[in-house]
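Spelled out from the first residue to the last, the chains are:
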Amino acid sequence: GSLKSGTSVNVYSKTSTGWSEIRYKSKKAYVSTKYLSFYTGVKVTKHHYKGIKDLAYAQVSGMKNKKVENKINQTLSNEAKASYKTYLKIKEDAKKDKKNGNCQELMCNYEYITNYKVKYNDGSKLSILTNNYAYTGGAHGIGYAESFNFTISNGKQMKISNVLTSKSKMNSVQKFAYKYMKNREPFKHFVTKSSDVKINKDTQFYYNRDGITLVFQEYEVASYADGNPTVSVPYSVYK
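A. Broad picture of the overall build of the protein. In terms of regular secondary structure, the protein is built from four helices and 12 strands. The C-alpha extent of the protein, read off along each of the three principal axes, is 75 × 45 × 40 Å. A buried classification covers 39% of the 239 residues belonging to the protein. Counting only contacts in the protein whose residues sit at least 6 apart along the sequence, the fraction spanning at least 24 positions is 45%. Accessible surface, the protein as shown: approximately 14,700 Å² in total, 48% of it carbon and sulfur. Taking the average location of the 40 positive side-chain charges in the protein and that of its 18 negative ones, the two points are 10 Å from each other.

Rendered as structure tokens:
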């Protein structure tokens, strides 16, 4: 087998003869250690706000700079607290609708669920993508993806405007995303012109090894069934 340059792998052990054990297609494999670059990401653990299993959120630990660690955790905790308030409101709305007889069949089985995935964690940058899903009746619920990107050295939360720092950079990324989408599934039936791809201060993203990955909301550039489509944008597009 072979690995492309830039591929991320988990290393389980190193040998004295210059080889590192990895997993390749679910099997044990070895790659020459001299071709690997090693990094240690921040430790991220899952918590549940007030012990509620539907309200999962992330916290970091083990950082040398505890002030920065607390800063990152406070940002993530504040988001969990806001989700908890929404969770309580939806539960209360469900009770009221049931009491008032406004429910038919399963229509009042309201729910609110939050979860997250660590999308990038190289020791210098951390990206956590959250999803907040709410069902308040109808054919299906609706989710909202929100990214939390941090500079590990100082704990600063990075928005898209911190990366695309000018209108020209925003326009370059918009053109790149449109060109990528226009002839590809699942975008091509929804994106027919450049203005259909909206890149602005509310656009969600996460870091990747070569640049950033844009995250679009449900219905924004594709159907509901396609969830939150993504487009990876190389740094060379907006440098």
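There is more to say after this.
B. Quick look at helix H1 (residues 66-99). Look at H1: 48 Å from first C-alpha to last across 34 residues, which is about the 50 Å you get at 1.5 Å a residue. Check the buried side of H1 and you find it contacts strand E5 (56-61), strand E6 (111-121), strand E7 (125-135) and strand E8 (142-151). The N-cap of H1, judged by a side-chain oxygen 3.1 Å from the amide nitrogen of Lys67 a few residues on, is Asn65. Where H1 ends, the next residue or the one after it, Gly101, has phi of about 70 degrees, a positive value.

C. Broad picture of unusual backbone geometry. Omega for the bond connecting Glu185 with Pro186 falls within 30 degrees of zero, at 0 degrees, which places this linkage in the cis form. Mapped onto the fold, Pro186 is located in the loop between helix H3 (167-181) and strand E10 (204-208). Positive phi outside glycine occurs at Lys50, with the angle close to 55 degrees. Inspection of the secondary structure assignment puts Lys50 in the loop between strand E4 (43-48) and E5.

D. Local environment of the pattern of salt bridges. Throughout the structure, instances matching the rule amount to seven salt bridges. A salt bridge links Lys188 to Glu185; its shortest N-O distance comes to 3.8 Å. For Lys188, a relative accessible area of 35% translates into the label partly exposed.

E. Summary view of the pairing of strand E1 (residues 11-14). Bridge analysis of E1 against strand E2 (residues 19-24) gives three bridges, and the strand direction is antiparallel. Bridge assignment links Ser13 to a residue of E2, and that residue is Glu21. Adjacent in sequence and paired antiparallel, E1 and E2 are bridged by four residues, among which Gly18 carries a positive phi angle near 95 degrees.

F. How the structure looks around the pairing of strand E11 (residues 211-215). Burial analysis of E11 places five of its five residues in the buried class, which makes it a mostly covered element. Bridge count for E10 against E11 is five bridges, and the pairing is antiparallel. Within E11, the position partnered with Tyr206 by the bridge is Thr213. Where E10 folds back onto E11 in an antiparallel hairpin, the turn is made up of two residues.

G. View of the sheet that holds E11. An order of E10-E11-E12 is seen for the three strands of this open sheet, with the pairing classed as antiparallel. Whereas interior strands pair on both sides, the edge strands pair on one side only; in this sheet they are E10 and strand E12 (230-234). Neighbour-to-neighbour, the strand axes of this sheet turn through a mean angle of 25 degrees, independent of strand direction. Contacts from H3 reach E11 and E12 within the one sheet, and its direction differs from that of E12 by about 125 degrees.

What counts and what doesn't
- Residues numbered from 1 in each chain as written.
- Predicted model: local features only at pLDDT ≥ 70, side-chain atom pairs only at ≥ 80, totals over all residues.
- Heavy atoms only, no water.
- Helix = DSSP H or I, 4+ residues; strand = E, 2+ residues; numbered from the N terminus.
- Buried < 20%, exposed > 50% of the residue type's maximum accessible area, 1.4 Å probe, protein only.
- Contact = heavy atoms within 4.5 Å.
- Areas by Shrake-Rupley, 256 points an atom, 1.4 Å probe, with all protein chains shown as cover.
- Lys, Arg positive; Asp, Glu negative; His and termini not counted.
- Charge placed at Lys NZ, Arg CZ, Asp CG, Glu CD.
- Expected span 1.5 Å × (residues − 1).
- Polar contact = N/O pair within 3.5 Å; in protein donor to acceptor, adjacent residues only side chain to side chain.
- Salt bridge = Lys/Arg side-chain N within 4 Å of Asp/Glu carboxyl O.
- Pairing = 2+ DSSP bridges.
- Axes fitted to C-alpha atoms, helices over the stretch in contact; angles between N-to-C directions.

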